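# Structural overview
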Amino acid sequence: MFNNKGSTLIESLFAFQIYISIVVLFVVLLTQLYDGENRLKRQYISIQNQEEKILYQENFIDIIKMVLH
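Nothing here was measured: the structure is a model prediction, and the numbers come from that model. (Residues numbered from 1 in each chain as written. Predicted model: local features only at pLDDT ≥ 70, side-chain atom pairs only at ≥ 80, totals over all residues. Heavy atoms only, no water.)

With that out of the way, let us pick up the overall build of the protein. Helices and strands together make up the secondary structure of the protein, namely two helices and zero strands. Across the 69 residues that make up the protein, the buried fraction comes to 3%. For the protein, the exposed area adds up to about 7,000 Å²; of that, 66% sits on carbon and sulfur atoms. (Helix = DSSP H or I, 4+ residues; strand = E, 2+ residues; numbered from the N terminus. Buried < 20%, exposed > 50% of the residue type's maximum accessible area, 1.4 Å probe, protein only. Areas by Shrake-Rupley, 256 points an atom, 1.4 Å probe, with all protein chains shown as cover.)

In this section: a nonpolar patch on the surface. On the surface, a cluster of nonpolar side chains totalling about 960 Å² of accessible area is made up of F16, Y19, I20, V23, V24, F26, V27, V28, L30 and L33. For V27, the location among the structural elements is in helix α1 (residues 4-57). (Patch = residues over 30% accessible without salt bridge, like charges linked within 9 Å, V, L, I, M, F, W, Y side chains within 5 Å. Salt bridge = Lys/Arg side-chain N within 4 Å of Asp/Glu carboxyl O.)

In structure tokens form, the structure reads like this:
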């Protein structure tokens, strides 16, 4: 009475849609994680460079004043 071929096709397409959605979500999350890691790495390197400049350019009294303010 009912045609089961259509319902299995719809079910297959729905399952494929769910699979593709999960794969896309996984790729997006990995990309966000990688970008965040790179941003943190750049900030850390920038802070290290600033600390080196301060250490070589300023005397210790000026460094202490900068830290306390």
